[in-house]
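Tertiary structure, described
What follows is each chain in one-letter form.
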Amino acid sequence: MNIILLGPPGAGKGTQARRLVEAEGMVQLSTGDMLRAAKTSGTEMGKKVAEVMARGELVTDDIVIGLIEEQLEGEAGRHGLIFDGFPRTLAQADALEELLAKKGKSLDVVIAMEVDDEALIRRIAGRFTCAQCGEVYHEDTRPTAKEGVCDRCGSTEFVRRADDNEESVRVRLNAYYRSTAPLIGYYHAKGKLAQVDGLAEIETVAAEIRKILKKAS
Ligand code: AP5
């Protein structure tokens, strides 16, 4: 089963993708994570990507499509795939369809996660991530069980993302409404769209997603 988690910044795409990886053995393909890795590579491309991401703007289609293509060539292409944060433009959506078709694959379902802007800004402002294993937490809605210790790997180091500031979040939201939200209609027209209330609690959203996957399988 190959799925897309579609939603604005802070909708919970990464949180739910990690649950699916653990519970279903699927593979998470997050273009945000791939670009953050590229940023630290020290290359010219990495430097350009870092600037664009810090501003909250979208990285160019050719770069992200290239990253996804690389992943599909490798091991990841053999498992059930979760596209997290990709596609974000109509050009990326068309490219994904072509890349999957070349591999004899297709998309099964696109899950749109709906959350209002105020909640998104609160979520992003309170987010922190384990520096070791990448587990995502929130100061209010998903704190660590033991203060300062990652539930998953026991690390005591946490990081906050450079683009998780109010100015950048507003630019990211604009980019979402301008370039990514039209994909909801695009996938609806293809009969692939399912919607979940992303404002519900994390476990409730996860249960809704499981129901959608069961129905689509
Ligand atoms: P990316 O890393 O994809 O970030 P994003 O889309 O802005 O999404 P986030 O990671 O911020 O949010 P999320 O939906 O994963 O939420 P999370 O689960 O963490 O992209 C970053 C940048 O890279 C972009 O701005 C762009 O520059 C570039 N980029 C990436 N892909 C690109 C592409 N395809 N094309 C062009 N450019 C691209 O949850 C957020 C917080 O809320 C957490 O603290 C979590 O604990 C909490 N939370 C989650 N679910 C719930 C819930 N149900 N209830 C309460 N709290 C919750």
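The text that follows walks through the structure, step by step, so that each part is easy to find.

Definitions and limits used
By convention here, each chain's residues receive numbers from 1 onward along its written sequence. Only residues with pLDDT of at least 70 are given local features in this predicted model, and only at 80 or more are side-chain atom pairs given and counted; all residues enter the totals for whole chains, interfaces and linings. Each side-chain value is worked out from all heavy atoms of the structure, with water and hydrogens disregarded. Two strands pair if DSSP finds at least two bridges between them. Strands here mean DSSP runs of E at least two residues long; helices mean DSSP runs of H or I at least four residues long; both are numbered from the N terminus. Between N-to-C directions, angles cover 0 to 180 degrees, with each direction set by a line fitted to C-alpha atoms, over the stretch in contact for helices. The term nonpolar core refers to a set of buried residues drawn from Ala, Val, Leu, Ile, Met, Phe, Trp, Tyr and Cys, joined through side-chain atoms within 4.5 Å. Here's how the labels work: a residue is buried when its accessible area is under 20% of the maximum for its type, exposed when over 50%, partly exposed in between, all with a 1.4 Å probe on protein chains only. Any angle that is under 35 degrees is reported as roughly parallel, and any over 145 degrees as roughly antiparallel; angles of 65 to 115 degrees are reported as roughly perpendicular and all others as oblique. Helix crossings fall into two classes, left-handed where the near helix is turned counterclockwise from the far one by less than a right angle and right-handed where it is turned clockwise. Contacts between residues were defined by any pair of non-hydrogen atoms, one from each residue, lying within 4.5 Å. A molecule or strand has a residue near it when one of that residue's heavy atoms lies within 4 Å. The protein chains shown are the only cover counted for residues, whose accessible areas, like all others here, come from Shrake-Rupley with a 1.4 Å probe. Take the number of residues in a helix, subtract one, and multiply by 1.5 Å to get its expected span. Each direction from the helix axis to a C-beta atom contributes to the arc, which is the arc of those directions. Aromatic pairs are defined between Phe, Tyr and Trp rings, using the six-membered ring for Trp, whenever the two ring centres lie within 6.5 Å; interplanar angles under 30 degrees are classed as stacked, those over 60 as edge-to-face, and all others as tilted.

1. Some thoughts on the sheet that holds strand S2 (residues 27–30)
Backbone-to-backbone hydrogen bonds join strands into a sheet, with any given pair of strands oriented parallel or antiparallel. Across the sheet, which stays open at both edges, the five strands sit in the order S2-S3-S1-S4-S8 with parallel pairing between neighbours. Edge positions in the open sheet fall to S2 and strand S8 (193–197), since each of these has one partner strand only. Strand after strand, the sheet turns through a mean of 25° between neighbouring axes, direction not considered. As defined by bridge partners, strand S1 (residues 3–6) adjoins strand S4 (residues 109–114) across four bridges and the pair is classed as parallel. Residue pairing for S4: Ile 4 is matched across the bridge by Val 110.

2. Remarks on the sheet that holds strand S7 (residues 158–159)
One open sheet accounts for three strands, arranged S6-S5-S7; its pairing is antiparallel. Edge positions in the sheet fall to strand S6 (136–138) and S7, since each has one partner strand and no second. Looking at chain direction, strand S5 (residues 127–130) and S6 are connected through three bridges and run antiparallel. Among the inter-strand pairings, Arg 127 is bridged to a residue of S6, identified as His 138.

3. Side note on the nonpolar core
Counting residues in hydrophobic clusters, the biggest one holds 27 residues, and the most contacted among them are Ile 4, Ile 68, Leu 72, Phe 83, Leu 96, Leu 107 and Tyr 187. Those elements that place two or more of their residues in this core are S1, helix H2 (31–39), helix H3 (44–55), helix H4 (61–73), strand S3 (81–84), helix H5 (90–102) and helix H8 (182–189). Counting residues in hydrophobic clusters, the runner-up holds 22 residues, among them Val 109, Ile 111, Ala 119 and Leu 173.

4. Comments concerning the packing of H4 against H5
A pair of packed helices is captured by two measures, namely the crossing angle of their axes and the spacing between those axes. The contact between H4 and H5 brings their axes to 10 Å, and the two run at 20°. By the angle class used here, H4 and H5 are roughly parallel. Taken as a pair, H4 and H5 cross one another with a handedness that is right-handed. Across the interface between the two elements, Asp 61, Val 64, Ile 65, Ile 68, Glu 69 and Leu 72 from H4 touch Ala 91, Gln 92, Ala 95, Leu 96, Leu 99, Leu 100 and Lys 102 from H5.

5. Remarks on the site of the ligand
Taken together, 35 residues sit near the ligand, with Thr 15, Glu 57, Arg 88, Arg 127 and Tyr 137 positioned nearest. Considered on its own, the ligand offers 1100 Å² of accessible surface; in the complex 96% of this is hidden by protein.

6. A look at H3
Along its 12 residues, H3 runs 17 Å from first to last C-alpha, staying within 8% of the 16 Å computed at 1.5 Å per residue. By the burial criterion, the buried members of H3 are Gly 46, Val 49, Val 52 and Met 53. Along the axis of H3, the buried positions cluster into a sector of 130°, meaning they face one direction only. Along H3, the residues that are exposed and aim more than 90 degrees away from the buried face are Glu 44, Lys 48 and Glu 51. Against H2, H4 and helix H7 (166–180) lie the buried residues of H3. One or two steps after H3, the chain reaches Gly 56, where phi turns positive at roughly 90°.

7. A few points about the packing of aromatic side chains
One pass over the full model with this rule turns up six aromatic pairs. With centroids separated by 6.4 Å and ring planes inclined at 45°, the aromatic side chains of Phe 83 and Phe 86 adopt a geometry described as tilted. For the pair Phe 83 and Phe 86, a shared accessibility class is recorded, and that class is buried. Arranged with centres 4.8 Å apart and planes meeting at 85°, the rings of Tyr 186 and Tyr 187 form a pair that is edge-to-face. As far as the burial class goes, Tyr 186 and Tyr 187 line up, both buried. Grouping aromatic residues by their ring pairs yields a cluster made of Phe 128, Tyr 137 and Phe 158.

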